[in-house]
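# Coordinates in review
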Amino acid sequence: MNQNKQPGMSLIVQTVARWLKGFIFLYGVYIIFYGHLSPGGGFAGGVIVASTFVLLTLAFGKERSLGKLGKLLASELDSLGALMFLLIAVLGIAWGRIFFLNFIEKAVPTGNFKLFSAGIIPLCNVAIGIKVAASLFMIFIILAVIRVQEVKGRRRLVTTEKRRKE
Amino acid sequence: MIYAMCFILFLIGLYGATCKKNIVKIILGLVVMEYAVNLFLVLQGWRKNGQAPILDGRTNLEEFAARAVDPVPQALVLTSIVIGLGILSLMVAIAIRLYERYGTFDVTEMKRLKG
Amino acid sequence: MNDIIYLVALPLAMAFFIPMIGRKVRWLPDVLANATTLVLLILAGQTVGREGVYALGGWAAPLGIVLVLDSLSSLLLLIINLVSFMATLFSVDYLEKLYTSKLRYYSLFLLMVAGMNGTVLTGDFFNLFVFLEIASIASYALVGFGCEADELEASFKYLVIGSIASTFVLLAVALLYGRLATLNMAHVAWLLQQNGFDRVTTFAFVLLLVGFLVKGALIPFHAWLPDAHPSAPAPISAMLSGVLIKAIGIYVLIRLTYNVFGITPMLSALFTSIGVISMMIGVLLALGQWDFKRLLAYHSISQMGYVVLGIGLGTPLGLLGGLFHLLNHSLFKSLLFLDSGSVEYETGTRELEKMGNLSQKMPVTAGSTLVASLSISGIPPFNGFWSKLVIILAAVQAGRAGLAVWAVIGSILTLASFSKIQRYAFFGQGKDFEPGKWALYQEVPLLMRIPLLVLSTLCLAGGLILWGGLNGFWGPVVEVLLGGPADYIGSILGR
């Protein structure tokens with residue numbers, strides 16, 4: 001591959017990825033927010049959101065996608081998603097003395113603007129979506145960046161940044 | 001019949017995980033085994049011409065009970081897929097580290113430990 | 001009843017909170033982790049003597065997920081949280097010197113604690129699998145924490161064997177759900193009492209049995225343990241040997257056989273024979289070891305044999321002995337592993353041949369190792385003596401004097417292998433002893449000494465724990481098991 005000129009894949013892939021990335025991201029968000037009404041939910045949506053960043057990494061190289069979602073930020077979001085989920089569960093104790101109590105009023109979804117109809121479930125979906133997207137992206141980027149390489153007769157784990165310098 | 005095929009898939013995975021020498025093949029064997037169980041679990045709730053188990057205000061409950069698929073196995077499978085993902089990524093990370101230390105994926109050449 | 005959910009939720013929350021906040025302030029992770037385990041210990045102490053069922057989200061028993069608290073659970077909760085508090089105290093200085101990345105260590109540690117607390121509390125099969133996997137995945141990662149070649153190898157071996165066992169458990173859960181259309185443990189027990197066993201449920205039970213025998217590392221399913229336990233950092237070895245194999249192995253076995261599927265004479269015979277085999281082979285393998293921690297790991301198998309022997313006898317006295325030995329083993333084995341950690345902290349080695357005369361330089365470590373060695377070998381008045389005495393008496397009472405003889409022989413061999421540790425490491429010299437290095441050794445820091453002293457005191461007070469709590473504490477624990485499935489169903493479903 002032509003590492004010298006431009007990281008990533010060919011022009012066609014890059015163009016298509018540039019067009020599609022927003023739609024894929026939006027579709028992931030849609031799946032997350034509609035999880036309580038139709039098949040889908042936090043995990044499936046989170047995977048789709050993470051795949052946007054995976055696509056960016058494949059098409060443009062990891063600098064571009066790490067620019068959008070840094071490793072540190074991803075790990076913070078990872079923890080944040082899990083903590084949000086727990087917070088929602090513990091709020092059930094504050095409201096009605098029961099862990100995981102569905103304390104927001106449940107409504108049947110009729111008419112417009114009744115998306116949040118299942119109490120805490122959409123909120124849980126959002127939390128899971130954040131967690132899954134961040135952690136999947138982290139797993140991908142960590143496994144993608146690390147290479148095993150012979151350096152002066154010894155095998156070392158190197159990240160691709162270091163390899164380029166040598 | 002279809003359950004028997006799941007079980008065969010499970011045994012293939014078990015064979016791969018226990019009898020193969022290559023770390024990557026062991027990992028693949030474990031994944032096949034796990035997915036055989038997931039398939040079996042989700043088939044428990046399957047129903048021919050079933051409908052999605054989503055209730056709204058207009059649903060007729062008796063018809064719903066007669067036609068809807070069982071949602072519990074789907075929830076269980078989703079959870080076990082997530083757990084499987086966690087195990088898989090940990091295994092791959094350890095495999096990379098092992099390759100770094102030993103320069104091979106062959107488990108017969110990794111014998112610093114006796115037990 | 002709301003406090004029992006915090007036993008799971010609090011470590012889970014802190015496991016995610018510590019890596020978020022701990023990057024900035026250096027001392028914060030230590031303080032937070034120790035505060036968490038201390039609070040957990042207090043919470044676990046408060047569960048003693050209480051019973052109850054907690055329905056998550058307000059969904060009642062057969063449909064919803066329930067947490068069940070009874071005397072057996074609170075015994076296990078006490079053990080888990082006591083040892084984890086001791087281990088986090090010990091970790092502060094130990095990790096500073098020997099390992100990096102405390103944040104990830106504490107995060108994984110607390111995840112493991114959350115998984116184990118959940119496992120002993122849950123009353124739902126799938127929830128059991130999930131908590132089992134949380135604890136297991138955290139322990140796989142912690143075994144390979146040092147990233148040296150042999151640690152990674154041990155971790156991978158543990159991971160493969162452990163995930164096969166977990167998959168067996170998942171398959172069993174799927175079969176049970178397919179057959180009985182329920183996941184609640186009490187409901188499964190009730191349906192089995194109504195309809196009896198058939199081929200599918202029997203197969204599921206066998207799969208569960210195999211899965212948890214692997215997790216509990218009983219011979220012939222022990223292959224991962226002697227590699228995995230020595231490879232981990234010492235506080236983690238203490239956790240793995242002290243509580244993990246009990247919480248996600250032995251406890252679940254006891255719960256399933258006594259309270260869900262019901263104990264049969266055949267199962268009793270299986271347990272006693274596995275117990276005797278583990279006891280003898282474990283101790284014989286331990287005799288030949290020259291690695292401090294590896295020797296201790298083989299003894300874990302052997303001592304678990306005693307526990308399973310006591311449980312398998314099935315008489316009230318046998319159950320009392322088995323469960324009391326479970327508690328004692330977690331005290332003295334975690335103490336021994338922490339001792340091996342402080343020896344490694346000073347000398348930088350685990351080979352007995354390279355040590356020598358440590359009792360002059362490290363009096364606290366040497367003293368606590370002596371206490372623990374005497375306890376594990378069953379010398380009066382330490383706690384190991386009492387529990388082994390009860391098990392032997394129970395075997396004689398049940399008319400199985402042969403088993404009692406094996407237990408005594410196992411105890412003598414244990415004493416032999418521990419006198420080896422004393423002879424080479426503390427009161428004599430190994431072959432490769434280096435006086436030059438020895439002159440520089442000193443006692444470990446205060447925070448590492450506290451857990452050693454506390455656990456030694458508890459080992460000494462073993463007899464008091466038994467006689468003082470005989471009716472108040474141990475009585476209900478044994479009754480939970482003797483009541484069989486009927487009582488368990490009654491307390492959860494009210495049928």
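To be clear, the structure that these remarks concern was listed above.
Residues numbered from 1 in each chain as written. Chains lettered and ligands numbered in written order. Predicted model: local features only at pLDDT ≥ 70, side-chain atom pairs only at ≥ 80, totals over all residues. Heavy atoms only, no water.

## Looking at the overall build of chain B
Regarding its fold elements, chain B presents four helices and zero strands. Across chain B, helices and strands are ordered from the amino to the carboxyl terminus as α-α-α-α. Over its C-alpha atoms chain B spans a radius of gyration of 20 Å, topping by over 25% the 13 Å that the globule rule assigns to 115 residues. Principal axes of the C-alpha set define a box for chain B whose edges measure 65 × 30 × 20 Å. (Helix = DSSP H or I, 4+ residues; strand = E, 2+ residues; numbered from the N terminus. Rg over C-alpha atoms; globule rule 2.2 N^0.38 Å.)

## Concerning empty space enclosed by the protein
Applying the stated criterion to the full structure yields two cavities of 30 Å³ or more. Taken as a whole, the largest cavity spans an internal volume of roughly 50 Å³. As for the largest cavity, its lining consists of Glu-34, Ser-80, Ile-83, Gly-84 and Ile-87 of chain B together with Phe-129, Glu-133, Ser-166, Thr-167 and Leu-170 of chain C. Elements that contribute at least two residues to the lining of the largest cavity include exactly α4 (71-102) of chain B together with α5 (125-143) and α6 (149-180) of chain C. Residues that form the lining of the largest cavity fall into these classes: four nonpolar, four polar and two charged. In this structure, the second largest cavity occupies an estimated 40 Å³ of space. Around the second largest cavity, the lining residues are Ile-250, Leu-253, Ile-254, Phe-271, Val-308 and Ile-311 of chain C. Of all the elements in the fold, those that place two or more residues in the lining of the second largest cavity are α10 (234-260) and α12 (292-313) of chain C. A total of three residues in the lining of the second largest cavity trace back to one element, the largest contributor, which is α10 of chain C. (1 Å grid on protein atoms, 1.4 Å probe; cavity = no way out; pocket = protein on both sides within 12 Å on 5 of 7 lines; lining within 4 Å. Points joined across faces, edges and corners; volume = space filled by probe spheres on them. Nonpolar A, V, L, I, M, F, W, Y, C, P; charged D, E, K, R; others polar.)

## A word on the interface of chain B and chain C
Taken together, the contacts link 37 residues of chain B with 35 residues of chain C. Contact between chain B and chain C buries roughly 3200 Å² in total, counting both sides, with carbon and sulfur atoms accounting for 80%. Scanning the region where chain B abuts chain C turns up two residue pairs in polar contact (both at pLDDT 80 or more). Contributing elements (two or more residues each) for the side of chain B that touches chain C: α1 (2-19), α2 (23-44) and α4 of chain B. No other element matches the 14 residues that α4 of chain B contributes to the side of chain B that touches chain C. When the residues that make up the side of chain B that touches chain C are grouped by side-chain class, the tally is 24 nonpolar, six polar and seven charged. (Contact = heavy atoms within 4.5 Å. Buried area = accessible area lost by both parts, 1.4 Å probe. Polar contact = N/O pair within 3.5 Å; in protein donor to acceptor, adjacent residues only side chain to side chain.)

## Concerning the packing of aromatic side chains
Counted according to the given criterion, the structure contains 23 aromatic pairs over all chains. Between Phe-25 of chain A and Phe-53 of chain A, the ring centres sit 6.4 Å apart and the planes meet at 90°, which makes this aromatic pair edge-to-face. One end of the pair, Phe-25 of chain A, is in helix α1 (residues 11-33); the other, Phe-53 of chain A, is in helix α2 (residues 42-60), with 28 residues separating them in the sequence. The class of Phe-25 of chain A is partly exposed, set by a relative accessible area of 35%. Given the relative accessible area of 13%, Phe-53 of chain A is considered buried. Between Tyr-158 of chain C and Trp-224 of chain C, the ring centres sit 4.5 Å apart and the planes meet at 10°, which makes this aromatic pair stacked. (Phe/Tyr/Trp six-rings, centres within 6.5 Å; stacked < 30°, edge-to-face > 60°. Buried < 20%, exposed > 50% of the residue type's maximum accessible area, 1.4 Å probe, protein only.)

## Looking at the pairing of strand β2 (residues 66-69) of chain C
All names here are of chain C. Burial along β2 is two-sided: the face carrying Val-66 and Val-68 and the face carrying Leu-67 and Leu-69 are both buried. Sheet topology note: the strand β1 (residues 52-55)/β2 ladder contains four bridges and is antiparallel. Within the sheet, the bridge partner assigned to Val-53 lies in β2 and is Val-68. (Pairing = 2+ DSSP bridges.)

## Some details on the nonpolar core
Core analysis: the largest hydrophobic core is formed by 217 residues, its most contacted members being Met-116 and Phe-125 of chain C. With 20 residues, the single largest contributor to this core is α6 of chain C. The residues contacting Phe-125 of chain C, other than those within four sequence positions of it, are Val-173, Leu-176, Leu-183, Met-185, Val-188, Leu-208, Leu-256, Val-260 and Phe-261 of chain C. If you look at the next biggest cluster of nonpolar residues, it comprises 15 residues, including Phe-60, Ala-74, Ala-133 and Val-145 of chain A. (Core = buried A, V, L, I, M, F, W, Y, C linked by side-chain atoms within 4.5 Å.)

## Brief notes about the pattern of salt bridges
Residues and elements named next belong to chain C. Tallied over the full model, the rule gives 11 salt bridges over all chains. Note that Lys-157 and Asp-227 form a salt bridge whose closest N and O atoms lie 2.5 Å from each other. Pair noted here: Lys-157 is in helix α6 and Asp-227 is in helix α9 (residues 225-231), with a separation of 70 residues, a long-range link. For Lys-157, a relative accessible area of 26% puts it in the partly exposed group. Among the residues examined, Asp-227 registers a relative accessible area of 1% and is labelled buried. Among the ionic pairs, Asp-227 bridges to Arg-294, the shortest N-O distance being 3.1 Å. A residue pair is termed long-range when its members are at least 10 positions apart, and Asp-227 in helix α9 and Arg-294 in helix α12 qualify at 67 residues. The class for Arg-294 is buried, based on a relative accessible area of 8%. Here the salt bridges do not stand alone but share partners, grouping Arg-26, Asp-30, Glu-96 and Lys-102 into one network. (Salt bridge = Lys/Arg side-chain N within 4 Å of Asp/Glu carboxyl O.)

These figures capture arrangement, not role.
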